Amino acid sequence: AWGRICTDLQKSLGHEAYKSWIDPLVLDCVDGSVAKFNAPTSFIGRWVDRNYGSQICAGFLKEGVPVTKLAFSVVRAANVAKAAPAQAAMPATPSAAEDELPGSPLDPKYTFNSFVVGKPNELAHAAARRVAENREVSFNPLFLYGGVGLGKTHLMHAIAWKLQEENPGFRVLYLSAEQFMYRFVQALRFKDMISFKELFRSVDVLMVDDVQFIAGKDSTQEEFFHTFNALIDQNKQVIISADRAPGEIEGIEDRIRSRLQWGLVVDLHPTDFELRLGILQSKLEGQLAMHPDVQIEEKVIDFLAHRISTNVRVLEGALTRLFAFASLVGRRIDLDMTQECLADLLRASQRKVTIEEIIRKVADHYNLRMNDLLSARRARAIARPRQVAMFLAKTLTSKSLPEIGRKFGGRDHTTVIHAVKKIEELKHTDSQIAEDVELLRRMLEA
Ligand code: ADP
Ligand code: MG
């Protein structure tokens with residue numbers, strides 16, 4: 001029966017998720033309404049229970065076995081006799097050590113393989129690799145920081161996966177700072193500080209994600225500091241991430257701040273066009289595999305890399321939405337669909353351009369002074385650039401015609417209308433003007 005349930009799960013979860021989570025399980029027995037499994041680690045058990053529990057129970061029910069609950073015991077990988085029939089599997093020997101690690105689950109998608117490297121993240125990536133691959137503790141702590149959605153959590157998980165893969169007995173504890181605090185508060189409440197301290201001091205590698213969260217939380221911070229020091233003193237690797245540099249986290253004590261900087265501090269820079277392109281290309285493969293029926297025009301990818309913000313999560317979300325939409329309506333993904341389907345994202349990531357900036361850039365471009373553009377002079381060499389600037393002000397900002405007129409040395413709104421019309425016209429007849437406008441627009445929107 002379990003075999004058939006697995007076949008169904010493989011279909012509904014997809015190969016990757018199935019391989020990561022269901023395949024490692026061995027059904028031990030069904031005891032009343034409880035299905036008992038052996039799992040290689042406790043977090044796989046917890047993850048499966050939380051994410052696929054009801055689906056698995058439904059599968060059993062379909063097979064006529066009324067299971068309502070799943071239980072998992074941890075068995076060292078070597079003990080799990082995968083090929084043997086379930087009944088003959090070794091008795092569960094829960095490993096207390098592993099069972100106690102109260103980390104957050106690791107996302108199977110976040111590995112070094114799926115991490116796209118470019119200029120903005122190459123240093124952080126190299127440092128993460130070094131820490132994951134070297135048995136010697138080289139930088140301690142490794143402090144990774146960067147803005148939202150730039151890959152900190154992805155890199156942390158990648159390190160944890162790699163460490164666990166290369167050192168099976170290693171106790172790698174990954175958790176968010178929030179989890180850390182939660183555990184700490186629980187330990188205080190249940191007067192269980194001793195086991196809390198023992199637990200955190202017994203790991204080989206401690207990874208705390210988004211450490212800025214404990215800023216301003218004094219007792220948690222204090223406990224974190226002690227844990228941190230104890231591990232570093234034992235030469236155990238500590239890896240920390242935050243959304244900003246240690247020096248910029250407010251509300252943490254100076255001694256903690258300076259300790260955080262002892263090892264290696266590296267940052268993830270905002271993505272650039274090239275990196276976004278690389279990431280999109282790699283995510284595209286996944287989407288195409290999931291939606292083999294959908295077609296996408298090459299230039300859409302280029303457009304997205306240009307126009308969507310530096311946050312990779314938003315970029316991924318955009319691609320996912322496009323594919324879902326295209327698959328629903330059965331249309332090929334082209335620029336029109338992209339603009340329609342992502343209107344909100346595109347608006348949000350559009351940088352606000354000001355008229356002052358436009359005037360400055362246009363003046364620069366034509367080698368004029370800003371005052372020339374605002375003056376009353378009518379010489380062609382000045383009047384034309386002024387019209388270009390007004391045109392850009394109208395098309396790139398949401399300012400009204402009278403407002404634009406005012407900013408251009410107090411001109412009338414009809415002058416602005418005339419300028420906009422004129423440039424519209426020239427864009428079709430004068431390739432130099434068309435090029436200038438396009439170039440300026442790109443510079444201003446970049
Ligand atoms: P952070 O923790 O810095 O806020 P995450 O690590 O959660 O960001 O990354 C947000 C999303 O973007 C994740 O789905 C992650 O897989 C993806 N991502 C970020 N950087 C990269 C990259 N360089 N290559 C591939 N995917 C990336
Ligand atoms: Mg994160």
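Residues numbered from 1 in each chain as written. Chains lettered and ligands numbered in written order. Predicted model: local features only at pLDDT ≥ 70, side-chain atom pairs only at ≥ 80, totals over all residues.

- Going by what an unreviewed UniProt entry lists, the protein is known as Chromosomal replication initiator protein DnaA and is assigned to Pontivivens insulae.
- Annotation of the protein in UniProt includes, under Sequence similarities (unreviewed entry), the sentence "Belongs to the DnaA family."
- Quoted verbatim from the Subunit (unreviewed entry) field of UniProt, the annotation for the protein is "Oligomerizes as a right-handed, spiral filament on DNA at oriC." (UniProt positions renumbered as here; feature names shortened; annotations may be inferred.)

## Let's talk about the overall build of the protein
Then step 1. Counting its secondary structure elements, the protein contains 21 helices and eight strands.
Then step 2. Considering only residue pairs separated by 6 or more positions, the protein has 72% of its internal contacts joining residues 24 or more positions apart. (Helix = DSSP H or I, 4+ residues; strand = E, 2+ residues; numbered from the N terminus. Contact = placed C-beta atoms within 7 Å.)

## Brief notes about the sheet that holds strand β3 (residues 69-74)
Then step 1. With mixed pairing, three strands are arranged side by side in an open sheet as β1-β2-β3. Among the strands making up the open sheet, the edge pair consists of β1 (26-31) and β3. On average, each strand axis in the sheet is tilted by 25 degrees relative to the strand beside it, whichever way the strands run.
Then step 2. Relative to strand β2 (residues 34-39), β1 is paired through five bridges, and the arrangement is antiparallel. In the sheet register, L27 faces β2, and the bridge partner there is F37.
Then step 3. Its contacts with the sheet put helix α3 (residues 42-62) on β2 and β3, and the angle it makes with β3 is roughly 150 degrees. (Pairing = 2+ DSSP bridges. Axes fitted to C-alpha atoms, helices over the stretch in contact; angles between N-to-C directions.)

## What about the sheet that holds strand β8 (residues 264-268)?
Then step 1. With parallel pairing, five strands are arranged side by side in an open sheet as β5-β6-β7-β4-β8. Two strands lie at the open edges of the sheet, namely β5 (172-176) and β8, each paired on one side alone. The mean inter-strand angle of the sheet, taken between neighbouring strand axes irrespective of direction, is 15 degrees.
Then step 2. Pairing geometry for β5 and strand β6 (residues 205-209), over five bridges, is parallel. Residue pairing in the sheet places L175 in a bridge with V208 of β6.
Then step 3. Contacts from helix α6 (residues 152-166) reach β4 (142-146), β5, β6, β7 (237-242) and β8 within the one sheet, and its direction differs from that of β6 by about 165 degrees.
Then step 4. Against the sheet, helix α7 (residues 177-189) contacts β5 and β6, and its axis sits at roughly 95 degrees relative to β5.

## Focus on unusual backbone geometry
With glycine set apart, most residues show a phi of negative sign, and most peptide bonds adopt trans.
Then step 1. Looking along the chain, the bond that leaves N140 and enters P141 is cis, with omega of -5 degrees.
Then step 2. Assignment of secondary structure puts P141 in the loop between α5 (122-133) and β4.
Then step 3. You will see that N235, though not glycine, has its phi angle at about 60 degrees, which is positive.
Then step 4. Within the secondary structure, N235 is located in the loop between α9 (218-233) and β7.
Then step 5. The exposed category is assigned to N235, around which 9 C-beta atoms lie within 10 Å. (Buried ≥ 20, exposed ≤ 12 C-beta atoms within 10 Å, placed from the backbone.)

## A look at α6
Since the α-helix advances by 3.6 residues per turn, residues separated by three or four positions end up pointing in the same direction.
Then step 1. In this model α6 runs 21 Å from its N-terminal to its C-terminal C-alpha over 15 residues, within 8% of the 21 Å that 1.5 Å per residue would give.
Then step 2. Counting buried positions along α6 yields 11 of 15 residues, so the element is predominantly enclosed.
Then step 3. Within α6, burial applies to K152, T153, H154, L155, M156, H157, A158, I159, A160, W161 and L163.
Then step 4. The elements touched by buried residues of α6 are α5, β4, β5, β6, β7 and β8. (Expected span 1.5 Å × (residues − 1).)

## What about the nonpolar core?
Then step 1. I159, A160, L206 and M207 are the most contacted members of the largest nonpolar core, which has 62 residues in total.
Then step 2. Discounting chain neighbours no more than four positions away, the residues touching M207 are M156, I159, A160, L173, Y174 and I239.
Then step 3. Counting residues in hydrophobic clusters, the runner-up holds 20 residues, among them A389, M390, L392 and A419. (Core = buried A, V, L, I, M, F, W, Y, C linked by C-beta atoms within 7 Å.)

## Some points on the packing of helix α1 (residues 2-13) against helix α2 (residues 15-22)
Then step 1. Packing of α1 against α2 brings their axes to within 6 Å, and their N-to-C directions diverge by 130 degrees. As summarised for this structure, α1 and α2 are arranged oblique, according to the angle between their axes. Between α1 and α2 the crossing geometry is right-handed. From α1, C6, L9, Q10 and L13 reach across to α2, where they touch H15, A17, Y18 and I22. (Parallel < 35°, antiparallel > 145°, perpendicular 65-115°, else oblique. Left-handed = near helix turned anticlockwise from the far one by under 90°.)

## Focus on the packing of helix α11 (residues 273-290) against helix α12 (residues 298-307)
Then step 1. Packing of α11 against α12 leaves a shortest axis separation of 9 Å and a crossing angle of 135 degrees. The angle between the axes of α11 and α12 places the two elements in the oblique class. For the element pair α11 and α12, the recorded crossing hand is right-handed. Across the interface between the two elements, F273, R276, L277, L280, Q281 and L284 from α11 touch I301, L304, A305 and H306 from α12.

## Quick notes on the confidence of the model for the protein
Then step 1. In this model, the protein carries a mean pLDDT of 87, and residues with pLDDT of at least 70 account for 93%.
Then step 2. Counting interchain partners and residues more than four positions distant, the pLDDT-below-50 stretch residues 77-99 has 38 contacts.
Then step 3. Across the interface, the model reports ipTM at 0.99; the global pTM reads 0.64. (pLDDT = per-residue confidence, 0-100.)

## A look at the site of ligand 1
Then step 1. Around ligand 1 sit 17 residues in total, of which G151, K152, T153, H154 and V312 are the nearest.
Then step 2. For the shell around ligand 1, the secondary-structure elements that each account for two or more residues are α6 and α13 (312-329).
Then step 3. Of the residues that make up the shell around ligand 1, three or more belong to each of domain 2 (119-268) and domain 3 (273-349). (Near = placed C-beta within 6 Å. Domains from an automatic or database assignment.)

## A closer look at the pairing of β4
Then step 1. Burial runs high along β4: five of the five residues are buried.
Then step 2. On β4, burial covers both faces: L142, L144 and G146 on one face and F143 and Y145 on the other are all buried.
Then step 3. The sheet contact formed by β4 and β8 spans five bridges and is parallel. In the strand pairing of β8, L144 is matched with V266.

## Concerning the environment of E316
Then step 1. By secondary structure assignment, the location of E316 is in helix α13.
Then step 2. Given 17 C-beta atoms within a 10 Å radius, E316 is considered partly exposed.
Then step 3. The sequence separation of E316 and L280 amounts to 36 residues, and the corresponding C-alpha distance is 7.4 Å.

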